[in-house]
Amino acid sequence: MSGVNPERVRPAVAGDVPAVQAVTDAAYRPYIERIGVVPQPMEADHAANVAAGRVFVTGEPVDGLVVVEAFAGHLFLDSVAVHPDAHGRGVGRRLLRFVDARARELGLGEIRLYTNALMWENQKIYPKYGYEVVERRVDGPYDRIHYRKLLD
């Protein structure tokens, strides 16, 4: 596509749903064996999330995405997914910066997220971007570490 910036993060549209599913599955599939259950983002209703304006994508073709939802006082970062073929290219960094900007745009001073305790890679990444651990809690089959980031 001429004139399209592949570095831009944009709202997903209905035509992106297959790519959203594919990138999410590729990003989370390696964790199934490790955590012993299918990661929740793989089971999300991607079409409904896109229709609700909660999904933002980057790349042409799509190689990364975030799913966010605004609540009173905070933005919840439900999922960050980067296709394994795009690792090491700054896609995740671009998406996390977008989430900060989105929260500010919505007038929200805090971002919250959680990750599975067995996804130890994330426990190294999120603190580098200003997230602090709030608590560890078991929700059904998921052992989760909850994070928050306060924006200035």
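Conventions used here
Residues numbered from 1 in each chain as written. Predicted model: local features only at pLDDT ≥ 70, side-chain atom pairs only at ≥ 80, totals over all residues. Heavy atoms only, no water. Phe/Tyr/Trp six-rings, centres within 6.5 Å; stacked < 30°, edge-to-face > 60°. Helix = DSSP H or I, 4+ residues; strand = E, 2+ residues; numbered from the N terminus. Buried < 20%, exposed > 50% of the residue type's maximum accessible area, 1.4 Å probe, protein only. Core = buried A, V, L, I, M, F, W, Y, C linked by side-chain atoms within 4.5 Å. Pairing = 2+ DSSP bridges.

Asks: Which residues make up the packing of aromatic side chains, and what values go with them?
Replies: On inspection of all chains with the given rule, the structure shows four aromatic pairs. When the ring of Phe-56 is compared with that of Phe-98, the centres are 4.8 Å apart and the planes differ by 45°; the resulting orientation is tilted. Of this pair, Phe-56 sits in strand S2 (residues 55–58) while Phe-98 sits in helix H4 (residues 91–105); the two residues are 42 residues apart in sequence, bridging distant segments of the chain. On the basis of relative accessibility, which here comes to 17%, the residue Phe-98 falls in the buried class. Measuring from ring centre to ring centre gives 5.4 Å for Phe-76 and Tyr-114, while their planes differ by 45°; the resulting arrangement is tilted.

Asks: Now, about the nonpolar core: what can you tell me, with residues and values included?
Replies: Of all hydrophobic cores here, the largest spans 23 residues; its most connected members are Val-66, Val-68, Leu-77, Val-99, Ile-111 and Tyr-131. At the level of secondary structure, the elements contributing two or more residues to this core comprise strand S3 (64–71), strand S4 (74–82), H4, strand S5 (110–116) and strand S7 (142–150). It is H4 that contributes the most residues to this core, six residues altogether. Core analysis: the next-biggest nonpolar cluster, separate from the first, contains 17 residues, Val-23, Ala-27, Met-42 and Val-50 among them.

Asks: Could you give an account of the pairing of S2, with specific residues and numbers?
Replies: The alternating pattern of S2 places Val-55 and Val-57 on one face and Phe-56 and Thr-58 on the opposite face, and all of these are buried. Strand direction decides the pairing type here: strand S1 (residues 9–11) and S2, joined by three bridges, are antiparallel. Bridged to Val-9 within S2 is Thr-58. One ladder, built from four bridges, connects S2 with S3; its direction is antiparallel. Bridged to Phe-56 within S3 is Val-66. In sequence, S2 turns back onto S3 through a hairpin of five residues, with Gly-59 there showing a positive phi of about 100°.

Asks: An account of the pairing of S4 is needed here, citing residue identities and associated values.
Replies: The two faces of the sheet receive side chains in turn, since in a regular strand these alternate between them. With seven of nine residues buried, S4 is to be regarded as a mostly interior element. Direction of pairing for S3 relative to S4: antiparallel, over a ladder of eight bridges. Directly across from Ala-70, in S4, lies its bridge partner Leu-75. Hairpin connection of S3 to S4: two residues between the antiparallel strands, including Gly-73 at a positive phi of 90°. In the sheet, S4 pairs with S5 via three bridges, with the strands oriented parallel. Its bridge partner being in S5, Phe-76 is matched across the sheet by Arg-112.

Spatial relationships are all this shows, so hold off on functional conclusions.
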